[in-house]
Amino acid sequence: MRLPLSIQCCLLWLFFTSPGVLHAQDQTSKQVPGTPPNIVFFIVDDLGWQDTALSLHQESAPFQQHYRTPNLQRLAREGLVFSNAYASSPVCTPTRTSIMTGRSPQANGITYWILHKDRDTGGPRDGTVTPRWNVNGLQPGDVTLPGILQKGGYRTIHAGKAHLGAHGSDGADPKNLGFEVNIAGHAAGAPSDFRGRRNYSRDPENPGAKVWDVPGLEKYHGTDTYLTEALALEAATAIHQAHQDGKSFFLHFSPYAVHTPIIANQRHLENYPDLSKVEAAYATMIESVDEALGVLLKTLEKLEILDETFIVFTSDNGGLSAHTREKPHHRHNHPLSSGKGSALEGGTRIPLVMHWPGVIEGGARSSLPVISHDHFPTLLSIAGLVGPADHMEQVEGQDLTPLFESGTDPEWQERALYWHMPHFWGPRGPGIQPFSSIRRGDWKMIYYHHPKPKRVLYNLAEDIGEKRDLAAEKKKLLELLSKDLADHLRKTAAAMPSRDGQTIPMPDQLSGSTEN
Ligand code: CA
């Protein structure tokens, strides 16, 4: 049986204060007992629900048997695995900024991905006009998770993709949003290249000339260091530094992988002889991410602070399936339908594993639906910190720490989850339309805004692939969920698209003539 963390810390303190082992203290744990735990928040980009060797359903995704993720599987064995975890949005920035604020994308007004200051990356299509939204993303002065942690004494470290504030605005630099250290993060949501030989740039002769070129990391230019590897090495150095300085740290580790461009890490290619070129490259990106997780775990173990570190492993939206991947498209997240950008489960369902030796029992599993903006109150709870009262009142996420004690049923397990993306993602495919949606219990209703308002209803317990629309059979339930979703949209002042000069009605205001 493991000792409670507070007792472990005391024993550690006694050990390190014995005169004979002072040298050991210098070499290993310098963390002062009673200081808050370290946090490693590992958020992979576009990693699908079953894009790892971790099996979350009896049916596998098409290439899942090939994926090599031993470090994640270790986390899962020793930690808590969620099978109904969701991203706050089917695309990057809204989920990432929701983690930063604890509010839903619709409440943040950041409902699509950002790039350039004052420029909308989306726009109207086929007669439907998308609403105004906060195209600049987070900016200095916004209350953020790292900002609160930094004020609370944490060393706040960002590594990799930020994509939180627009290029040309102050929010592009994570250091203006509460991070003390920024490793290679800026406005762009993808790298020009993953290869050190190409300086992580579109034009290796002019690194930094393009908005997608990865900033910093010059010391790896011209080397064979794959981007994910460079980020892991730099993050490990930052962990060492924080430890050396006696600081608890919050590491927001956000590899640009496995987002496009899909470029192989040559070191791992030989592991995938049976896959097509693109799927083999994708598999090496997944393996590289897992390897980065391994570097961080090893660093924590070497410093003897793994037990004092809370680790989250997750993704920011569902797996890419609409383009670039091997055909047929929209099926890579099987048994889920569609993928990134979609209102369907493939767009938002993501892996989530939490790890904290001595606090979370190994092998724990939860099927409770949870969502990315839950991480904000959860991490603050773990750090023992709160944000400004007026912000905390707006937090929609739930503190997940009650789930760490097995057998505890939180009161909010019947709560609903809501999504709202009133924009057209670039590619076309199933569920890739402007939409709002709700999940309550096993039921999920999607309200498509385009081309005409339309509601569909699925029972996820029986139909995880969302193939059988039960809206016509379950009229009463449809109206209840419509009212629930509409109340949420009004409460969060969610912006709706318009058509023919008319704002698309709330889902509880549909009449027979407006829904087809
Ligand atoms: Ca993403």
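Residues numbered from 1 in each chain as written. Predicted model: local features only at pLDDT ≥ 70, side-chain atom pairs only at ≥ 80, totals over all residues. Heavy atoms only, no water.

Engineer: What am I meant to see in the overall build of the chain here?
Structural biologist: Tallying secondary structure elements over the chain gives 12 helices and 17 strands in all. Taking 2.2 N^0.38 as the reference for a compact globule, 516 residues should give roughly 24 Å; the C-alpha atoms of the chain span a radius of gyration of 22 Å, in line with that estimate. Its C-alpha atoms give the chain principal-axis dimensions of roughly 80 × 55 × 45 Å. With 516 residues in all, the chain has 60% of them scored as buried. Expressed as a percentage of contacts within the chain between residues at least 6 apart in sequence, the contacts between residues at least 24 apart total 69%. One way to put it: in the chain the 49 positive side-chain charges average out to a point 5 Å from where the 57 negative ones average out. (Helix = DSSP H or I, 4+ residues; strand = E, 2+ residues; numbered from the N terminus. Rg over C-alpha atoms; globule rule 2.2 N^0.38 Å. Buried < 20%, exposed > 50% of the residue type's maximum accessible area, 1.4 Å probe, protein only. Contact = heavy atoms within 4.5 Å. Lys, Arg positive; Asp, Glu negative; His and termini not counted. Charge placed at Lys NZ, Arg CZ, Asp CG, Glu CD.)

Engineer: How do you make sense of the sheet that holds strand 4 (residues 128–129) when you look at a structure like this?
Structural biologist: Where strands meet in a sheet, backbone hydrogen bonds hold them as pairs that are either parallel or antiparallel. Spatial ordering of the open sheet is given by 4-16-17, a layout of 3 strands whose pairing is antiparallel. Of all the strands in the sheet, the pair left with one neighbour each is strand 4 and strand 17 (502–503). Of the pairings in the sheet, the one linking strand 4 to strand 16 (residues 498–499) comprises 2 bridges and is antiparallel in character. Each bridged residue has a counterpart across the sheet, and for V129 the counterpart in strand 16 is S498. (Pairing = 2+ DSSP bridges.)

Engineer: Teacher, can you tell me more about the coordination of the calcium ion here?
Structural biologist: In the first shell of the calcium ion, the protein supplies D45 (OD), D46 (OD), C92 (SG), D316 (OD), D316 (OD) and N317 (OD1), at 2.2 to 2.6 Å from the metal. Note that the calcium ion binds 6 donor atoms; their angles at the metal cover 52 to 159°, and the shape is irregular. One chain supplies every donor for the calcium ion, spaced along it as D-D-x45-C-x223-D-N. With D45 in the loop between strand 1 (38–44) and helix 3 (70–78) and C92 in helix 4 (residues 92–101), the pair connects residues that are 47 residues apart, well separated along the chain. C92 matches D45 in its accessibility class, with the two residues each being buried. (Donors = N, O, S within 2.8 Å, 3.2 Å for Na, K, Ca; no water. Tetrahedral: all angles 85-135°; square planar, octahedral: opposite > 155°, others 65-115°.)

Engineer: Teacher, can you tell me more about the environment of Q58 here?
Structural biologist: Along the chain, Q58 falls in the loop between strand 1 and helix 3. In this structure Q58 comes out as exposed when scored by relative accessible area, which is 71%. On a C-alpha basis, the gap between Q58 and H334 in space is 11 Å, while along the polypeptide they are 276 residues apart.

Engineer: Sorry if this is basic, but what is going on with the side chain of T130 here?
Structural biologist: Its location among the elements puts T130 in the loop between strand 4 and helix 6 (145–151). Those residues in contact with T130, other than ones at most four positions away along the chain, are D120, G123, P124, P422, H423, F424 and P497.

Engineer: What exactly am I supposed to notice about the pattern of salt bridges here?
Structural biologist: Note on pairing: side chains with opposite charge can pair once their charged atoms come close. All told, the structure shown has 26 salt bridges when counted by the stated rule. R96 is the salt-bridge partner of D316, the closest N and O atoms lying 2.8 Å from each other. Separated by 220 residues along the polypeptide, D316 in the loop between strand 8 (309–315) and helix 9 (345–348) and R96 in helix 4 bring together distant segments of the chain. For the pair D316 and R96, one class covers both residues: buried. For E466, the salt bridge identified is with K444, shortest N-O distance 2.9 Å. Of this pair, E466 sits in the loop between strand 15 (454–459) and helix 12 (475–491) while K444 sits in strand 14 (residues 443–448), and the two are 22 residues apart along the sequence. A relative accessible area of 5% means that E466 is categorised as buried. Residues joined in a network through salt bridges with shared partners are D45, R96, K161 and D316. (Salt bridge = Lys/Arg side-chain N within 4 Å of Asp/Glu carboxyl O.)

Engineer: What am I meant to see in the sheet that holds strand 1 here?
Structural biologist: One open sheet holds the 8 strands; their spatial order is 6-5-7-1-8-9-2-10, and the pairing between them is mixed. Of all strands in the sheet, those with a lone pairing partner are strand 6 (181–183) and strand 10 (364–366), marking the two edges. Averaged over all pairs of adjacent strands, the angle between their axes in this sheet comes to 10°, without regard to strand direction. As defined by bridge partners, strand 5 (residues 155–160) adjoins strand 6 across 3 bridges and the pair is classed as parallel. (Axes fitted to C-alpha atoms, helices over the stretch in contact; angles between N-to-C directions.)

Engineer: Please clarify how the environment of M100 should be interpreted in this entry.
Structural biologist: Here M100 is to be found in helix 4. Considering only alpha carbons, one finds M100 and H259, 159 residues apart in sequence, at a separation of 20 Å. Beyond its immediate chain neighbours, meaning those up to four positions away, M100 contacts L138, V143, T144, L145, P146, L164, F179, H252 and F376.

Engineer: Would you mind showing me how to read the domain arrangement of the chain here?
Structural biologist: Many structure descriptions define interface size as the accessible area lost when the parts assemble. Examined at the domain level, the chain breaks down into domain 1 (35–190 + 225–412) and domain 2 (416–515). Centre-to-centre, using C-alpha coordinates, domain 1 lies 26 Å away from domain 2. On the domain 1 side of the interface with domain 2, the three residues burying the most area are Q106, R125 and A343, jointly 20% of the side's total. Counting across the interface, domain 1 meets domain 2 through 2 salt bridges. For K444, the salt bridge identified is with E345, shortest N-O distance 3.0 Å. On inspection of domain 1 and its partner domain 2, the count reaches 21 residue pairs in polar contact (both at pLDDT 80 or more). Broken down by secondary-structure element, the contributors of at least two residues to the side of domain 1 that touches domain 2 are helix 5 (105–108), strand 4, helix 9 and strand 11 (370–371). When its residues are assigned to classes, the side of domain 1 that touches domain 2 shows 21 nonpolar, 18 polar and 7 charged. (Domains from an automatic or database assignment. Buried area = accessible area lost by both parts, 1.4 Å probe. Polar contact = N/O pair within 3.5 Å; in protein donor to acceptor, adjacent residues only side chain to side chain. Nonpolar A, V, L, I, M, F, W, Y, C, P; charged D, E, K, R; others polar.)

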